[in-house]
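Residue-level structure breakdown
The residues making up each chain are set out below.
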Amino acid sequence: MRFSRLLIPTTKETPNDATLASHIYLIRGGFIQSVGGSGLYNFLPLGKKVLDRVRSVVKEELDKAGCQEVSLSFVTPASLWEESGRYEKYGKELLRFKDRKNNEFVLGPTHEEMMVNLVRQSVKSYKQLPLNLYQINLKFRDEIRPRFGLMRGREFLMKDGYSFHVSEKDMKREFALMEETYKKIFTRLGLEFKVVEADSGAIGGSGSKEFMVLADSGEDTIVVCDNCDYGANIEAAVRREKACEAKAPETEPGKVHTPDTTTIEALSTFFDADPYYLVKTVAKRALYDEGKSEVVLFALRGSDELQEVKACNAVNANDLVDISEEELEAAGLLAGYMGPTVVPEGVRVVLDNNLKEADSMICGANEKDQHLAGVSFEGMAGDYHDIAAVQEGDLCPKCGSPMRYTKGIEAGHIFQLGTQYSEPLGATFLDENGKAQPMVMGTYGIGVSRLLAAIIEQNHDERGCIWTKESAPFDLQLIVSNIKDEAQVALGEKLYDALSAKGLDILFDDRKDRFGAKMKDYELLGIPHAVVIGKKLQDGLVEFISREGLVKEEVSADDILDVVG
Ligand code: ATP
Ligand code: MG
Ligand code: MG
Ligand code: MG
């Protein structure tokens, strides 16, 4: 394609709200355009091209693995969500609205209900199973804090797949197949990633794994073992039904209690971990158990500003993920203390000042998080599992080597769901004996638009994007340095035709602009290779550039087709 004809509005201006390289370069490179700065984006021609390339890698690998693409209605009747019980539970990320007849709807943030509805109407017999259906479509989540460009949008593109089986065993086989398929997808996209044990969050289910693109800017903290390949999100908890005995509170309910001040800071130094994540994890995990939001009161009270956050999150733990560093700081948490705090009734706060004892508590389940944060909660009424339910060794490396913390971007998440949706929604099949059984399900997501950001987070320099081979908007940029030089233009046109004929997707920079401006755009857009036709053509030479490292090589104009080929 000819640059002169394309809408590629590159700019030197960094958007005000952008801090991450991917956000800055995707806007500056004219890939995407913000719609009012609220997690909504338009994809311009170049961005749409990258999105389509990523989408086709995802689609090709899924189709090879036997999955079938469908397209589900984005607008979902609320009644389906009422059937699954999620209408009440899902919280404020779910956008609810009514039509003119007062019927209630939601904009799908994920489509378990919708897909189960599709399958329950069309699958009746064990002979029609297994099935793996997916779509690559819009999602809407009213994220409390949309940010970082495509990384955390409110409207975003997701690949969501759902599999249906006659047995748990068959679902597990498919889960393993999806894990392998996802690995192929992320490998083809040129990403360095890690598969980690994960928490199932609002989707639910018994086992889940996340695909973490490794990047310092990632919002997730993971622990990894380089020796045995083990990894876990620090949000992950080993869930054990272990009730915690109610003990008489040592601290007086309602009394303001100011714990020892240095615990978090000291622990975070000791473990080289970010206190923000430690506290966030404690608070988030605690909320997962419905009705136990008192713990959050504990973790967050101390700032009036946080009362509102707490109130809106008492419904849904997921929202709490997005409490910002500033908010925690406002609560005094980053300053290195947990309070002052009003201890909720029936709860005893135990401060752990013995750092050495926390040595083996580095991994990310609840008890360990609490130790990292320097607190534990005792006397939670009733069956408060999760807390105090993790034994030493549950999440330690399998091989005994030390683990290290690193940051990741959650690019994919696969779940073993079981019958959690098929039972309430009545998705059954007749088995070989003619008996109705609930279908056993798995669900598999990839953040397709988030991947664009993830690729750039991992592949950029101070000048701009460096797209990987299979994600790049074009294979090569052909740059005519001086458009007034007839020989340069003639060779440009000739190479453009010849390279296109070879099947390469070429961006032909035939603009009248200065060479310097064209090179700046090349560096910003990040197409893997460029051929520059410039002054050296007098000596029969052109320049071949690799965007990574900006490695330049002089090549005879006669040989360039072979070099590029
Ligand atoms: P996160 O922890 O980042 O909020 P999630 O766990 O809520 O993500 P899932 O419900 O697992 O997300 O959805 C599947 C995939 O969709 C995620 O792995 C991620 O890649 C992508 N995704 C989720 N939320 C967003 C978002 N707001 N913007 C872009 N992509 C998203
Ligand atoms: Mg989320
Ligand atoms: Mg997540
Ligand atoms: Mg997830």
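Residues numbered from 1 in each chain as written. Chains lettered and ligands numbered in written order. Predicted model: local features only at pLDDT ≥ 70, side-chain atom pairs only at ≥ 80, totals over all residues.

This part covers the overall build of the protein chain. A tally of helices and strands in the protein chain yields 17 helices and 27 strands. Taking all contacts inside the protein chain whose residues are at least 6 apart in sequence as the whole, residues at least 24 apart take part in 72%. (Helix = DSSP H or I, 4+ residues; strand = E, 2+ residues; numbered from the N terminus. Contact = placed C-beta atoms within 7 Å.)

Turning our attention to the sheet that holds strand E4 (residues 75–77). What the three strands build is an open sheet, ordered E4-E6-E5; its pairing is antiparallel. Each having just a single partner strand, E4 and strand E5 (95–98) make up the two edges of the open sheet. Averaged over all pairs of adjacent strands, the angle between strand axes in this sheet comes to 35 degrees, irrespective of strand direction. Where E4 meets strand E6 (residues 104–107), three bridges bridge the pair, whose relative direction is antiparallel. In the strand pairing of E6, Val75 is matched with Leu107. (Pairing = 2+ DSSP bridges. Axes fitted to C-alpha atoms, helices over the stretch in contact; angles between N-to-C directions.)

Taken together, 18 residues form the shell around ligand 1, and within it Phe156, His413, Gly445, Gly447 and Arg450 come nearest. Going through the elements one at a time, strand E8 (155–165), strand E17 (404–418), strand E20 (440–447) and helix H14 (448–458) are the ones with two or more residues in the shell around ligand 1. Split into classes, the residues belonging to the shell around ligand 1 amount to five nonpolar, eight polar and five charged. (Near = placed C-beta within 6 Å. Nonpolar A, V, L, I, M, F, W, Y, C, P; charged D, E, K, R; others polar.)

One open sheet accounts for five strands, arranged E24-E23-E25-E26-E27; its pairing is mixed. The open sheet has two free edges, formed respectively by strand E24 (506–509) and strand E27 (551–556), since each of these has just one partner strand. The mean angle between the axes of side-by-side strands here comes to 20 degrees, regardless of whether they run parallel or antiparallel. Here strand E23 (residues 476–480) runs beside strand E25 (residues 529–533); their pairing, made up of five bridges, is parallel. Bridging across to E25, Leu476 finds its partner in His529.

What follows is about the packing of helix H2 (residues 45–64) against H14. Relative to each other, H2 and H14 sit at 110 degrees, their axes nearing to 9 Å. Here H2 lies roughly perpendicular to H14, going by the angle between them. In this structure, H2 crosses over H14, and the sense of that crossing is right-handed. Contact with H2, carried on its side by Val50, Leu51, Val54, Arg55 and Val58, involves Val448, Ser449, Leu451 and Leu452 of H14 and no other residues of that element. Counted by class, the contact of H2 with H14 contains seven nonpolar, one polar and one charged residues. (Parallel < 35°, antiparallel > 145°, perpendicular 65-115°, else oblique. Left-handed = near helix turned anticlockwise from the far one by under 90°.)

Here we take up the pairing of strand E26 (residues 541–546). Looking at chain direction, E25 and E26 are connected through four bridges and run antiparallel. In the sheet register, Ala530 faces E26, and the bridge partner there is Ile545. The pairing of E26 with E27 spans six bridges and is classified as antiparallel. By the bridge assignment for E27, Glu543 is matched with Glu554. Here E26 folds back onto E27, and the loop between the two strands holds four residues, one of which, Gly549, carries a positive phi near 80 degrees.

Before going further, it helps to spend a moment on the environment of Lys64. Summarising the element assignment, Lys64 is placed in helix H2. For Lys64, a count of 10 C-beta atoms within 10 Å gives the class exposed. Spatially, the C-alpha atoms of Lys64 and Thr181 are 8.8 Å apart, while their sequence positions differ by 117 residues. (Buried ≥ 20, exposed ≤ 12 C-beta atoms within 10 Å, placed from the backbone.)

Here Glu179 lies in helix H6 (residues 168–188). The spatial distance from the C-alpha of Glu179 to the C-alpha of Ser167 is 19 Å, given a sequence separation of twelve residues. Discounting residues that sit within four places of it in the chain, Glu179 has contacts with Val195, Lys209 and Ile414.

A few words on helix H1 (residues 21–28). The element H1 is largely enclosed, with a buried count of eight among its eight residues. Elements that come into contact with the buried residues of H1 comprise strand E1 (32–34), H2, H14, strand E21 (460–461), strand E22 (464–465) and helix H16 (515–525). Gly30 sits one or two positions beyond H1 and adopts a positive phi of about 70 degrees.

What follows concerns the environment of Gly516. Mapped onto the elements, Gly516 comes out in helix H16. Given 9 C-beta atoms within a 10 Å radius, Gly516 is considered exposed. Residues Gly516 and Leu94, 422 residues apart in the sequence, show an inter-C-alpha distance of 48 Å.

Summary statistics for the protein chain give a mean pLDDT of 78 and a share of 69% for residues scoring 70 or more. Scored below 50 in pLDDT, residues 280–322 shows 89 contacts in the model against residues more than four places distant or in partner chains. Under a pLDDT of 50 for its full length, residues 328–395 has, in the predicted model, 196 contacts with residues more than four places off or in other chains. Complex prediction metrics read pTM 0.77 and ipTM 0.99. (pLDDT = per-residue confidence, 0-100.)

Across its 20 residues, H2 extends 28 Å between first and last C-alpha, which sits within 8% of the 28 Å expected from 1.5 Å per residue. Among all positions of H2, only Leu46, Gly47, Lys49, Val50, Leu51, Arg53, Val54, Val57, Val58 and Leu62 are buried. Phi turns positive one or two residues past the end of H2, at Gly66, with a value near 90 degrees. (Expected span 1.5 Å × (residues − 1).)

The bulk of non-glycine residues show a negative phi, and the bulk of peptide bonds are trans. With an omega of 0 degrees, the peptide bond running from Leu129 to Pro130 counts as cis. Mapped onto the elements, Pro130 comes out in the loop between helix H5 (112–122) and strand E7 (131–140). Positive phi, normally seen in glycine, also occurs at Asn102, with a value near 75 degrees. Among the secondary structure elements, Asn102 is positioned in the loop between E5 and E6. Accessibility expressed as a C-beta count within 10 Å gives 6 for Asn102, which makes it exposed.

Relative to each other, H2 and H6 sit at 150 degrees, their axes nearing to 9 Å. The orientation of H2 with respect to H6, classified from their angle, is roughly antiparallel. Between H2 and H6 lies a crossing of right-handed hand. Note on element contacts: H6 touches H2 through Thr181, Lys184, Ile185 and Arg188, opposite Val57, Val58, Glu61 and Leu62.

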